[in-house]
Amino acid sequence: MSVTQLTGRTTADEDVVHLTVPADGGYLSVLRTATAGLAARLQFALDEIEDLRIAVDEACAMLLAIATRDAELECSFAVTEDALTVEVTVPTVRGAKLPAESSFAWKVLTALTTSAAATAADGRATISLLTRRAAH
């Protein structure tokens, strides 16, 4: 299995980085490292970086639980002047459902990020996390 990095569009106010890794827990460290690196680039505080790493890990764990066999986890990082949006997508098994917004996992995501959202349609599930840098 290979790890592929693709860089996407760059505009005046937004950079987007795309990473695709096998949907396997052993590859989550790649996404956590990319998350920390991009958050550091935005000059997030150390505790904000750690919170975001934990949130990305939790979102990925939710998706891995419902991913199809041999799936790939697609992760998109949108970097703006004061925020980082992380969107993680995976193909899902038939009938798969994400945890309810009242679940502990969702409580973790919303506590660690500015906002979190999820969608599941057409055999794919996506979790989006937005974190804005705190005023320094």
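All residue numbers refer to positions counted from 1 along the written sequence of the respective chain. A pLDDT threshold of at least 70 governs which residues receive local features in this predicted model, and a stricter bar of 80 or more applies before side-chain atom pairs are shown or counted, although totals over entire chains, interfaces and linings include all residues. With hydrogens and water stripped out, all remaining heavy atoms of the structure feed into the side-chain values.

For the protein chain, the name recorded in an unreviewed UniProt entry is Serine/threonine-protein kinase RsbW, with Micromonospora sagamiensis as its organism.

Caption draft 1: A look at the side chain of Thr92. Numbering of helices and strands runs from the N terminus, with a helix taken as a DSSP run of H or I at least four residues long and a strand as a DSSP run of E at least two residues long. Residue position: Thr92 is located in the loop between strand 4 (83-91) and helix 3 (104-112). Contacts are assigned to residue pairs with any non-hydrogen atoms lying within 4.5 Å of each other. Once residues within four sequence positions are removed from consideration, Thr92 is found in contact with Ile66, Ala67, Thr68, Gly123, Arg124 and Ala125.

Caption draft 2: Inspection of helix 1 (residues 28-41) at higher detail. How far a helix is expected to stretch is found by multiplying one less than its residue total by 1.5 Å. Over its 14 residues, helix 1 extends 20 Å from the first C-alpha to the last, a length consistent with the 20 Å expected when each residue adds 1.5 Å. As for helix 1, its buried residues are in contact with strand 2 (15-22), helix 2 (46-64), strand 3 (72-79) and strand 4. Gln43 lies just past helix 1 and shows a positive phi near 65°.

Caption draft 3: Seen up close, the nonpolar core. In this text, buried Ala, Val, Leu, Ile, Met, Phe, Trp, Tyr and Cys residues form a nonpolar core when linked through side-chain atoms within 4.5 Å. Working definition: with a 1.4 Å probe on protein chains only, accessible area under 20% of the residue-type maximum means buried, over 50% means exposed, and in between means partly exposed. Formed by 39 residues in total, the largest nonpolar core has its most connected members in Leu31, Leu63, Leu73, Phe77, Leu84, Leu109 and Ile127. Mapped onto this core, the elements with two or more residues apiece are strand 2, helix 1, helix 2, strand 3, strand 4, helix 3 and strand 6 (124-132). Top element by residues in this core is helix 2. It accounts for eight residues. Every residue in contact with Leu84, bar those within four places of it in the chain, is listed here: Thr35, Leu38, Ala39, Leu42, Phe44, Leu52, Phe77, Ala78, Val79, Leu129, Leu130 and Thr131.

Caption draft 4: Main features of unusual backbone geometry. Positive phi values are uncommon outside glycine, yet Gln43 reaches one of about 65°. Summarising the element assignment, Gln43 is placed in the loop between helix 1 and helix 2. Looking at Gln43, the relative accessible area reads 58%, which means it is exposed. Phi angles above zero are rare outside glycine, and Asp122 is one such case at about 55°. Mapped onto the elements, Asp122 comes out in the loop between strand 5 (115-121) and strand 6. In this structure Asp122 comes out as exposed when scored by relative accessible area, which is 81%.

Caption draft 5: View of the packing of helix 2 against helix 3. A fitted line through C-alpha atoms serves as each axis, taken over the contacting stretch for helices, and the angle formed by two N-to-C directions is quoted from 0 to 180°. Two elements in contact, helix 2 and helix 3, have axes separated by 9 Å at closest approach and are oriented at 150°. Here helix 2 lies roughly antiparallel to helix 3, going by the angle between them. Note on packing geometry: the crossing formed by helix 2 with helix 3 is left-handed. Every residue of helix 3 that contacts helix 2 at Asp51, Ile54, Ala55, Glu58, Ala59 and Met62 is listed here: Ala105, Trp106, Val108, Leu109 and Leu112. Three classes are used, and their members are as follows: Ala, Val, Leu, Ile, Met, Phe, Trp, Tyr, Cys and Pro are nonpolar, Asp, Glu, Lys and Arg are charged, and the others, Gly among them, are polar. Looking at the contact of helix 2 with helix 3 residue by residue, the classes come out as nine nonpolar, no polar and two charged. Here the angle decides the label: under 35 degrees means roughly parallel, over 145 means roughly antiparallel, 65 to 115 means roughly perpendicular, and every other value means oblique. Each helix crossing is assigned a hand: it is left-handed if the near helix lies turned anticlockwise from the far helix by less than a right angle, otherwise right-handed if that turn is clockwise.

Caption draft 6: Structural context of the pairing of strand 5. Pairing between strands is defined by DSSP: at least two bridges between the two strands are required. The pairing of strand 5 with strand 6 spans seven bridges and is antiparallel. Paired with Thr119 across the two strands is Thr126, which belongs to strand 6. The turn joining strand 5 and strand 6, which pair antiparallel and follow one another in sequence, is formed by two residues; a positive phi near 55° is taken by Asp122.

Caption draft 7: Just helix 2, in detail. Compared with an ideal rise of 1.5 Å per residue, which puts 19 residues at 27 Å, helix 2 spans 27 Å between its outermost C-alpha atoms and is within 8% of the ideal. Listing the buried residues of helix 2 in full gives Glu48, Ile49, Leu52, Ala55, Val56, Ala59, Cys60, Met62 and Leu63. Around the axis of helix 2, the buried residues are gathered within 155° of arc, so they sit on the same side. Those residues of helix 2 that are exposed and aimed more than 90 degrees away from the buried face are Leu46 and Asp47. Where the residues of helix 2 are buried, they touch helix 1, strand 3, strand 4, helix 3 and strand 6. This arc describes the spread of directions from the helix axis toward the C-beta atoms.

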